[in-house]
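Now for the letters of each chain:
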Amino acid sequence: MAAIYTCTMNLAIDLFIETDTMQPDVVNRSVDDDIQANGKGVNVSLILKQLGLTSTALGFSAGFTGAYINQFLIEKEIQTDFVEVEGMTRINVFTQVNHPKSEYKLVNKGPNIPKEKINRLLEQVRKIPAGSYLCISGSLPQGVEPEIFREIGKLTAQNGVHLIIDTSYQNVLDCLPYHPFLLKPNEDELAEWFGKETLTFEECIIYGKQLVAEGAQHVLVSLGSEGGLYITEDAVFHGNAPKGKVVNTACAGDTLLGCFIGNYLKEIPVEDNLAYSLAAASSTAFQKGLTDLSDVEALGRHIQIRRL
């Protein structure tokens, strides 16, 4: 099977907090908390590992927080090759408030990356063997400009590497001439890419198909409670999302993408792949951290895949 690389340029430790209420100017005490090594590409590597697939995690790592993530992945038997930088890998805070039911997401900037370290990462990308899959996920730290997506698109096209991108930056569109293997926007990101405030379900299909027409080989659109779309040159598939209590949405999209990539490489039929991936994404949304996939089969019974 082809080698898989994930790249998280802005690694993170995620602190999940549950509290009954959230009031200003007073001490708000939590009823539960959890700390997890995170970053969107890291999550993809963790999901792939659960599916029995190996990957190498790339990106920028800083300080003791970066060292924690590196050690966590090593303990999970996931290979790492992070570029070490000065500063501190960020800590993000996600707070679930029970009364009234709400969710707060506090996401920090991350370290400042000097030019020589960016060039070192690009050199790593340049050396990825032909036929491999490279999944670039998440936000960019300080010092890294969105134009890097075009540089990576050009490098991977030249070297025969299958590029997968999951990020909100509109500069992803600059990669389309290089025919990326897969783009995974959510509906808000897709709207922003095309200068819209919101999109209807039908418009998600229209703009997803436009991404394919302009060069993307595959497009996977996450629609939250409405499930997801998978779009290629030949077909459009939609799957619903199962019902359940949403606890945390931070990692659901990463789960969707990790499962879809893994099952694609295992040559699972597209309808079964999309149903499994949507069930796994919902499983993650229904708990504080990444799913262990134990309830995916049960959730999958509530998902129907339609070819549109």
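Summarise the pairing of strand S12 (residues 218-222); cite the residues concerned and give the values.
Counted residue by residue, S12 has five buried out of five residues, so it is predominantly covered. Burial along S12 is two-sided: His 218, Leu 220 and Ser 222 facing one way and Val 219 and Val 221 facing the other are all buried. Note that strand S11 (residues 182-183) and S12 share two bridges and pair parallel. Within the sheet, the bridge partner assigned to Leu 183 lies in S12 and is Val 219. Of the pairings in the sheet, the one linking S12 to strand S13 (residues 228-231) comprises four bridges and is antiparallel in character. Paired with Val 219 across the strands is Ile 231, a residue of S13. Two successive antiparallel strands, S12 and S13, enclose a turn made up of five residues, where Gly 224 displays a positive phi of approximately 60°.

For the sheet that holds strand S8 (residues 102-106), give the residues involved together with the corresponding values.
Picture the strands of a sheet paired through backbone hydrogen bonds; they go either parallel or antiparallel. Spatial strand order, S3-S2-S7-S8: four strands in an open sheet with mixed pairing. Both outer strands of the open sheet, strand S3 (32-38) and S8, are each paired with one neighbouring strand and no more. If you compare each strand with its neighbour and ignore which way they point, the axes differ by 15° on average. As paired elements, strand S2 (residues 12-19) and S3 share seven bridges and run antiparallel to each other. Bridge pairing in S3 places Phe 16 opposite Asp 34. Sheet contacts for helix H2 (residues 63-75): S2, S3 and strand S7 (90-97); angle to S3, the most-contacted strand, approximately 80°.

Talk me through the nonpolar core; I want residue IDs and the actual numbers.
The biggest cluster of nonpolar side chains holds 46 residues, and the ones touching the most others in it are Met 9, Phe 60, Leu 134, Ile 148, Ile 152, Leu 190 and Leu 211. Per element, the largest residue contribution to this core is five residues, and it comes from helix H6 (residues 201-213).

Describe the pattern of salt bridges, naming the residues involved and giving the relevant values.
Summed over the entire model, instances satisfying the criterion amount to five salt bridges. Residue Lys 40 is joined to Asp 254 by a salt bridge in which the shortest nitrogen-to-oxygen separation is 2.7 Å. Residue Lys 40 is found in helix H1 (residues 40-50), and its partner Asp 254 is found in helix H7 (residues 252-265); the two are separated by 214 residues along the sequence. Salt-bridge contacts for Lys 49 lead to Glu 77; the nearest nitrogen and oxygen are separated by 3.8 Å. Taken together, the residues span a long stretch of sequence, with Lys 49 in helix H1 and Glu 77 in the loop between H2 and strand S5 (79-80) at a distance of 28 residues. Here Lys 49 falls in the partly exposed class, since its relative accessible area comes to 29%. Exposure remark for Glu 77: the relative accessible area of 62% places this residue in the exposed category.

About the thresholds
Numbering of residues starts from 1 in each chain and follows the order in which that chain's sequence is written. Owing to the predicted nature of the model, reporting of local features is limited to residues with pLDDT of at least 70; listing and counting of side-chain atom pairs is limited to 80 or more, with chain, interface and lining totals taken over all residues. Computation of side-chain values covers all heavy atoms of the structure but excludes hydrogens and water. We call a residue buried when its accessible area falls under 20% of the maximum for its residue type, exposed when it is over 50%, and partly exposed in between, using a 1.4 Å probe and counting protein chains only. Only runs of H or I of at least four residues qualify as helices and only runs of E of at least two qualify as strands under DSSP, and these elements are numbered from the N terminus. Strand pairing follows a simple DSSP-based rule, namely that at least 2 bridges must link the two strands. What counts as an axis is a line fitted to C-alpha atoms, over the stretch in contact for a helix, and the angles between N-to-C directions run from 0 to 180 degrees. It only takes one pair of heavy atoms within 4.5 Å for two residues to be counted as in contact. Take the buried Ala, Val, Leu, Ile, Met, Phe, Trp, Tyr and Cys residues and link them wherever side-chain atoms come within 4.5 Å; each set so joined is a nonpolar core. Take a side-chain nitrogen of Lys or Arg and a carboxyl oxygen of Asp or Glu: if they are within 4 Å of each other, that pair is a salt bridge.

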